[in-house]
Amino acid sequence: MGDTISLIINIGLPLTLLVVAYIVGTIIERRHFKSIERREAALRAFPAMTSEQMPADWTATESQLMVGSIVVSLDYFKRIIAGLRGLIGGRVKTYEPLLDRARREAMLRLLEQARTRGFDAVINVRLETSRMANSQGDRGTAGVEMLAIGTAIRLATR
Amino acid sequence: MSESRGRFVARQPDPSVNVSDTHPLAEAGVLFAGLGAVFIAVVIISVYLVDILVGVVSIEREAQWFGGLRYDEIGELMEGARITTDHAQHEQTVALLETLTEYWPDSTYEFRLLIAESSVPNAVALPGGTIIVTSRLLDDVESENELAFVLAHELGHFHGRDHLRRLGRLALISLIYNATIGAGGFAPNLSDLSLRSFDRQQERDADRFGLELCAAHYGHVAGTGDFFRRLDPGSRSVVNRYVDTHPGMTERLADMTAIAAEQGWPETGPLRPWNEPTTMDAQP
């Protein structure tokens, strides 16, 4: 009997977690992508560029550092699949949508902020990531911060 | 933006380039199936590798490694039971064991029989020639034949060097497992579970050897299955059959009957009493 229980705990529990994590994770991801697409469409005409200098014919009346940041973490499903992938190498496909969401969400937060405060554009946009430490040391990842920074400018003439 | 540079048309970037279009479940399926196959292959290779290695380790070397286990160390393996030789039936049991080993003249093991004070009837073979029987087993047995089979079965494990095999397999597979999937957070007992079909085969072989010794000593195999008959918990589920280290009791008894029939060992015969002061070496 004890063995049946240990089998349930050792195989049944992770399997259940895997299924639940997949379903919940998929729903959340789908919703997030929808929200991202909607907000990106709304910001489509808002200029954001990586160049350090403004175009020569622009005149700025005000500038401010803008920061957009998001911390993302893995669900159990993605972690297990990526763990298996880590044994043989190759594209960690389950991480790709996660990081894509993080990048786009961080950018959106940066741009939405700039627009809300009445700025006209953001220049010198940079994206950075940093890994959150995990209390268990090397096992798993607590999360990744995606940081978008840029200089928001208000234009006199455009 | 200045008109002279041409009309700027804002477009959204194509979001699909950074995300592979493989369905996550397809990815999961391929990885689980592929790595599962590799894992099974590793388990099978390890089992055969260990079988080869066990052949290289001499019994003297085994005794050197494991023969010196202290009582408290053994007790820990037996779920904290007190290990002793101070038991009314210890001498009698040792005598029975010695009688049985006479039918296995090739053995170079020096056996040590210890008693674990426990309320669960059980017997265990430990590497290095140590046999543990629980006090409850000695209290419960109804005939010498029954106890003889339990002891002979444990001798069968030494004959197959099963304890050493098991130890080696577990060590090797745990090592591989922990270095790989274990890091992914999956069940550490999976490697143990995947070995259990091999364990069940070892039990069958040990049963065969036990029957052989009993048949040689008593001229029949009556009473040998009594221990299992009393333990029989009835029918077993598929899960249990996969998880158990031992074959189901009913299945085991059927196997034993088949072996006895095949070898022509009579299944009936006079049983010698146990725990009664009628045997020659009974306690005063």
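For the structure itself, consult the block above.
Residues numbered from 1 in each chain as written. Chains lettered and ligands numbered in written order. Predicted model: local features only at pLDDT ≥ 70, side-chain atom pairs only at ≥ 80, totals over all residues. Heavy atoms only, no water.

Draft legend 1. Examining the overall build of chain A more closely. Looking only at helices and strands, chain A features three helices and three strands. What you see in chain A, going N to C, is helices and strands ordered as α-β-α-α-β-β. Within the span of chain A, comprising 158 residues, buried residues form 41% of the whole. Long-range pairs, those at least 24 residues apart, make up 78% of the contacts in chain A between residues at least 6 apart in sequence. Accessible area for chain A stands at about 8,700 Å²; split by element, carbon and sulfur atoms hold 57% of it. (Helix = DSSP H or I, 4+ residues; strand = E, 2+ residues; numbered from the N terminus. Buried < 20%, exposed > 50% of the residue type's maximum accessible area, 1.4 Å probe, protein only. Contact = heavy atoms within 4.5 Å. Areas by Shrake-Rupley, 256 points an atom, 1.4 Å probe, with all protein chains shown as cover.)

Draft legend 2. Fine view of the packing of helix H9 (residues 196-218) of chain B against helix H12 (residues 249-263) of chain B. Residue and element names in this part refer to chain B. Closest axis-to-axis distance for the H9/H12 pair is 10 Å, and the angle between their directions is 45°. Taken together, the axis directions place H9 and H12 in an arrangement best described as oblique. The crossing of H9 and H12 is right-handed. Across the interface between the two elements, Glu-203, Arg-204, Asp-207, Arg-208 and Leu-211 from H9 touch Glu-251, Arg-252, Asp-255, Met-256, Ile-259, Glu-262 and Gln-263 from H12. Grouping the constituent residues of the contact of H9 with H12 by class yields three nonpolar, one polar and eight charged. (Axes fitted to C-alpha atoms, helices over the stretch in contact; angles between N-to-C directions. Parallel < 35°, antiparallel > 145°, perpendicular 65-115°, else oblique. Left-handed = near helix turned anticlockwise from the far one by under 90°. Nonpolar A, V, L, I, M, F, W, Y, C, P; charged D, E, K, R; others polar.)

Draft legend 3. Broad picture of the side chain of Glu-105 of chain A. Take Glu-105 of chain A: it is sitting in helix H3 (residues 96-116). Residues contacting Glu-105 of chain A, with those up to four places away along its chain left out, are His-32, Ile-36, Arg-39 and Ile-70 of chain A.

Draft legend 4. Highlighting the nonpolar core. Formed by 39 residues in total, the largest nonpolar core has its most connected members in Leu-96, Leu-100, Val-133, Leu-137, Leu-147, Leu-151 and Leu-155 of chain B. At eight residues, helix H6 (residues 144-160) of chain B tops the list of elements feeding residues into this core. Not counting residues within four places of it along the chain, the set of residues in contact with Leu-151 of chain B comprises Thr-93, Leu-96, Leu-97, Leu-100, Leu-113, Ile-131 and Val-133 of chain B. In terms of nonpolar packing, the next biggest core, distinct from the first, is built from 20 residues, Met-66, Met-107, Ala-148 and Ala-152 of chain A among them. (Core = buried A, V, L, I, M, F, W, Y, C linked by side-chain atoms within 4.5 Å.)

Draft legend 5. Region of the structure containing the packing of helix H2 (residues 76-88) of chain A against helix H1 (residues 24-56) of chain B. Where H2 of chain A contacts H1 of chain B, the axes come no closer than 10 Å and their chain directions differ by 50°. Viewed along their axes, H2 of chain A and H1 of chain B adopt a mutual orientation that is oblique. Between H2 of chain A and H1 of chain B lies a crossing whose hand is left-handed. On the side of H2 of chain A, the interface is formed by Phe-77, Ile-80, Ile-81, Leu-84, Arg-85, Leu-87 and Ile-88 of chain A, while H1 of chain B contributes Pro-24, Leu-25, Glu-27, Ala-28, Leu-31, Phe-32 and Leu-35 of chain B. Residues of the contact of H2 of chain A with H1 of chain B, tallied by class, amount to 12 nonpolar, no polar and two charged.

Draft legend 6. Examining the side chain of Glu-96 of chain A more closely. With respect to the secondary-structure elements, Glu-96 of chain A resides in helix H3. Leave out the neighbours within four places in its chain, and Glu-96 of chain A touches Arg-91 of chain A together with Asn-18, Val-19 and Ser-20 of chain B.

Draft legend 7. Unusual backbone geometry, seen in detail. With phi around 55°, Asn-124 of chain A is a residue other than glycine that occupies positive phi space. Residue position: Asn-124 of chain A is located in strand S2 (residues 121-132). The partly exposed category is assigned to Asn-124 of chain A, whose relative accessible area is 24%. The phi dihedral of Arg-161 of chain B is positive, around 55°, even though this residue is not glycine. Checked against the element boundaries, Arg-161 of chain B lands in the loop between H6 and helix H7 (162-179). A relative accessible area of 12% places Arg-161 of chain B in the buried class.

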